Amino acid sequence: KEILSFVLPDEASTELLGKRLAEAVLKHSKEITDRGLNIRLQGTLGAGKTTLTRALLRALGFTGRVRSPTFTLVETYSVQGLAINHFDFYRFESPEEFEEAGFRDLFGAGRMTLCEWPDKAEPFLPPADLLILIDLKGDGREAKLCPENEWGGIVAKEVEE
Ligand code: ADP
Ligand code: MG
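In the annotation of an unreviewed UniProt entry, the entry for the protein chain reads tRNA threonylcarbamoyladenosine biosynthesis protein TsaE, and the organism field reads Mesosutterella multiformis. What UniProt records for the protein chain under Subcellular location (unreviewed entry) is the sentence "Cytoplasm".

Shown next, in the form of structure tokens:
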């Protein structure tokens, strides 16, 4: 599977990547309605996982406040006919909390999920279609889009174009 790299020298370029992801989502909203879209965001604290998600939601037309789900664990949005669930599992003490909270019900057809700190919810977290790795690079960042299946590859390709 092809990995796509994006150099993000400043916050504006992270936001542009979020906007392009939103455009890919809009182009494929029918597929999301049919099968959902699961994205995992990996990278250290302050890498830009929440910044990217916020830009995606803004570009999809969400005008309200986009808060980090650090304390709430999940923030839920309804926009463009899609249910979007933004998770942050950083504060999980054990992965069983994923099951106990009933988060599994927030995955599936018609739903898009963005998960920060996915490793903290393993092995209960449903599989990702697309992995986005964000690394620090000097004062900026580098993002790698890693498709986990054919569907994730279609979305990643669309972001690239
Ligand atoms: P995370 O959710 O990964 O912990 P946040 O999105 O909350 O990270 O915070 C990222 C921080 O890094 C913000 O202060 C943001 O302004 C900054 N930032 C985001 N993207 C870039 C970038 N490409 N280059 C430099 N700084 C960035
Ligand atoms: Mg965050």
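Caption draft 1: Layout of the packing of helix α1 (residues 11–27) against helix α5 (residues 150–160). Where α1 meets α5, the axes come as close as 8 Å, and the angle between the chain directions of the two elements is 125°. Considering the angle they form, α1 stands oblique to α5. Crossing of α1 over α5 shows right-handed handedness. Contacts between α1 and α5 pair Arg20, Leu21, Ala24 and Lys27 from the former with Val155, Glu158 and Val159 from the latter. Looking at side-chain class alone, the contact of α1 with α5 contains 4 nonpolar, no polar and 3 charged residues.

Caption draft 2: Spatial organisation of the sheet that holds strand β4 (residues 82–88). Taken in spatial order, the 7 strands line up as β1-β7-β6-β2-β5-β4-β3 in an open sheet, and their pairing is mixed. The open sheet has two edge strands with one neighbour each: β1 (4–8) and β3 (74–79). Shown here is a sheet whose adjacent strand axes are inclined to one another by a mean of 15°, direction ignored. Where β4 meets strand β5 (residues 111–116), 6 bridges bridge the pair, whose relative direction is parallel. The residue of β5 that forms the bridge with Asp88 is Glu116.

Caption draft 3: Geometry of α5. Along α5, the residues classified as buried are Gly152, Val155, Ala156 and Val159. Each buried residue of α5 sits inside an arc of 100° when the element is viewed along its axis, so together they form one side. Tucked inside the fold, the buried residues of α5 contact β1, α1, β2 (37–42), β6 (130–137) and β7 (140–147).

Caption draft 4: Expanded view of unusual backbone geometry. Between Glu122 and the following residue, Pro123, the backbone shows a cis peptide bond with an omega angle of 10°. When you line up the elements, Pro123 lands in the loop between β5 and β6. Non-glycine residue Gln80 carries a positive phi angle of around 55°. Mapped onto the secondary structure, Gln80 falls in the loop between β3 and β4. Of note in the backbone geometry, Trp117 takes a positive phi value of approximately 55° without being a glycine. Tracing the sequence through the fold places Trp117 in the loop between β5 and β6. For Trp117, a count of 19 C-beta atoms within 10 Å puts it in the partly exposed group.

Caption draft 5: How the structure looks around the site of ligand 1. Leu8, Thr14, Lys49, Thr50 and Thr51 are the nearest of the 18 residues found near ligand 1. Listed by contribution, the elements that provide at least two residues to the shell around ligand 1 are α1, α3 (49–59) and β7. Of the residues assigned to the shell around ligand 1, the class counts are 3 nonpolar, 9 polar and 6 charged.

Here is what the cut-offs are and how they apply
The residue numbers shown here count from 1 along each chain, following its written sequence. All chains are assigned letters beginning at A, and all ligands numbers beginning at 1, according to the order in which they are written. Selection of residues for local features in this predicted model requires a pLDDT of at least 70, selection of side-chain atom pairs for listing and counting requires 80 or more, and totals for whole chains, interfaces and linings are taken over all residues. UniProt positions are given in the numbering used here, feature names are shortened, and annotations may be inferred rather than shown by experiment. Comment: axis = line fitted to C-alpha atoms, over the contacting stretch for helices; angle = value between 0 and 180 degrees taken between N-to-C directions. Each helix is a run of DSSP H or I of at least 4 residues and each strand a run of E of at least 2, with the numbering of both proceeding from the N terminus. For this classification, under 35 degrees means roughly parallel, over 145 means roughly antiparallel, 65 to 115 means roughly perpendicular, and everything else is oblique. Crossings are classed by handedness, with left-handed meaning an anticlockwise turn of the near helix from the far one by less than a right angle and right-handed meaning a clockwise turn. This entry defines residue contacts through backbone-placed C-beta atoms, with two residues in contact when those atoms are within 7 Å. Any residue outside Ala, Val, Leu, Ile, Met, Phe, Trp, Tyr, Cys, Pro, Asp, Glu, Lys and Arg is labelled polar, Gly included; the first ten of those are nonpolar and the last four are charged. DSSP calls a pair of strands paired once it identifies at least 2 bridges connecting them. Exposed residues have 12 or fewer other C-beta atoms within 10 Å of their own C-beta, buried residues have 20 or more, and residues in between are partly exposed; the C-beta atoms are placed from the backbone. Here, the arc refers to the directions that run from the helix axis to the C-beta atoms. We call a residue near a molecule or strand when the C-beta position, derived from backbone atoms, sits within 6 Å of it.

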